[in-house]
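The primary structure of each chain is shown beneath.
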Amino acid sequence: MRYLTAGESHGKQLTTIIEGVPAGMPLLAQDINESLHRRQGGYGRGKRMEIETDDVHIMSGVRHGYTLGSPITLVVKNDDYKHWTDIMGEEPIDPDTYIRRIVTKPRPGHADLNGAIKYGHRDMRNVLERSSARETAARVAAGAVGKILLNHLGIKIVGYVKEIAGVVAKDFQSLSIDEKINRSNQSPVRTLDKDVEEDMMSKIDQAKKDGDSIGGVAEVIVEGVPAGIGSYVHYDRKLDGRIAGSVMSINAFKGVEFGIGFLAARKNGSEVHDEIMWSKNKGYYRKTNRLGGFEGGMTTGMPIVVKGVMKPIPTLYKPLQSVDIETKEPFHASIERSDACAVPAASVVMEHVVAFEIAKAITEQFSSDQFTILKRELDRHREASRCF
Ligand code: EPS
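The rules we used
- Residues numbered from 1 in each chain as written.
- Predicted model: local features only at pLDDT ≥ 70, side-chain atom pairs only at ≥ 80, totals over all residues.
- Heavy atoms only, no water.
- UniProt positions renumbered as here; feature names shortened; annotations may be inferred.
- Helix = DSSP H or I, 4+ residues; strand = E, 2+ residues; numbered from the N terminus.
- Buried < 20%, exposed > 50% of the residue type's maximum accessible area, 1.4 Å probe, protein only.
- Contact = heavy atoms within 4.5 Å.
- Polar contact = N/O pair within 3.5 Å; in protein donor to acceptor, adjacent residues only side chain to side chain.
- Near = heavy atom within 4 Å.
- Areas by Shrake-Rupley, 256 points an atom, 1.4 Å probe, with all protein chains shown as cover.

- By the naming in an unreviewed UniProt entry, the chain goes by Chorismate synthase and is assigned to Cerasibacillus quisquiliarum.

Next up, the structure:
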C-alpha cells in the first residue's frame, strides 16, 4: 500500500490516492468521515475549522461498499476556497490584485523561507499553501482506510493526548483499548485523564490570551498485531523505523519514542529488556512492554506504544522577528488566525499515520490482492506464532 496527497490549504480540495488496498474489503465513506471529523475537533482549534466540514467523497476504487483493488481516490473539499478564488485560482490574475496579496514576510518556524529558497518562489504563498497542516486531513483519509483494514483484521488502534504544555496525564495502560477510545473521544482535549483536563484547557486559554501557542505529546497504542511483522533484514523494512518516519513527518512534530524511549539511556539493560514468557494458551508473551512492542524492527506481539512530540504551532498572534525577502527590512511576523494548540487534532493524525504504516507492512508481508485471503493468512500466522 502507498499513497500520495495533493492540494493547497485554500485551494479547491485535498486529494488522496491510495494504491494496494486488497479487493473485497468493506469500505464506507461514513467510516472515513468519522476519522476526519475527529481530526477537526479539539479544544484550542482556531476559526478555520468553523468554516470546514471535512466530508470525504470517494471518487474511485470502491463499488457498492467494497474495495475493488484499484486505486482509491478520496477527495475532501475546502469550503474556505470560496473566499480565495482569485488568489488561489489556476488562471492568470490581474497584477494589481496579485501585488497587493503577495507574501514576502516569512514566519519563523514555518516552511516559508526555506521553501521559497528551495523552489525559487518570491511569493511565499506558493510555499505556505502546501506546507500548511491542512494537508493532514488528506493523510487522515488515507490512514482511515489503513485503520479500517486493521480493524477488519482484529487490530485496534487509539491515539490520545499525553501532555499539553507540561501538564502530564497519568498512565492508564491497564484500561482496555475500547475504554481508551471512549475516553479520548469524550475529552475536549482528547486525554484519558479527567483530572488534568481542566489544567490542559486553562493552559490553552492562557496561550490564546497571550497570543501564544503551546505544544505537547500524543501517544498511540495498537493492540492485536501478532509477533514478527516488519523485518530485521534491511533498514527500510524495519517497521519501527517506518512508523518513526511517518510520525516525524506530521507537521510540527519534533520527536518520536517507543515504549520507555529516551528513558532507556538512563537505565541498565536488565531494567530495559522485556523477558520472554510462554504459556499454552497465549504462546510467547512478555511480562513488561518497555520496548513498546518492537525488537529488531519487528513487532513482539505486545501492544505497540509510540509517542510523538509536537512543538507549539509557529503561527503566533504574538509577533516574532523576521526579515522581508524583498526589502530585507526586519519586521515582526503576526497573523490573522491560528490554532493556539493543535495537539488534540495531532493525536488523531498520529493515530492515522501509524495505522497506515502497520496496514502497509501487513499487506506487504502476506498475500494481499484479496482481503479474505489476507485475513486467512494473518490468522494462520497468528496460530503459527502461538504454537511456534
Ligand atoms: C494552519 C493554519 C490554519 C489552521 C490550519 C493549519 O489555517 P488558516 O491558515 O486557513 O487559518 O486552521 O489547519 C487546517 C486548515 C486543518 O485542516 O487542520 C497552518 O498554518 O498550518
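With respect to the UniProt feature "binding site: NADP(+)" (unreviewed entry) in the chain
Part 1: UniProt annotation of "binding site: NADP(+)" (unreviewed entry) refers to R39 and R45 when read in the numbering used here.
Part 2: Position of R39 relative to the elements: it lies in helix α1 (residues 29-40).
Part 3: Relative accessible area serves as the criterion here: at 3%, R39 is assigned to the buried category.
Part 4: Contact partners of R39, with chain neighbours within four places excluded, come to R45, M49, D54, A133, R134, T136, A137, V140, A345, V348 and V349.
Part 5: Assignment of secondary structure puts R45 in the loop between α1 and α2 (48-51).
Part 6: Classification of R45 as buried rests on a relative accessible area of 17%.
Part 7: In contact with R45, other than residues within four places in its own chain, are R39, Q40, D339, C341 and A345.
Part 8: From its side chain, R45 meets the backbone oxygen of Q40 in a polar contact 3.4 Å long.

Some points on the site of the ligand
Part 1: Lining the immediate surroundings of the ligand are H10, R39, R45, R48, M49, H110, S132, A133, R134, T315, R337 and D339.
Part 2: Here R39 contributes a side-chain N or O atom positioned 2.6 Å from an oxygen atom of the ligand.
Part 3: Side-chain polar atom of R48 to an oxygen atom of the ligand: 2.7 Å apart, as the coordinates give it.
Part 4: Bound to the protein, the ligand loses 88% of the 470 Å² it would expose on its own.

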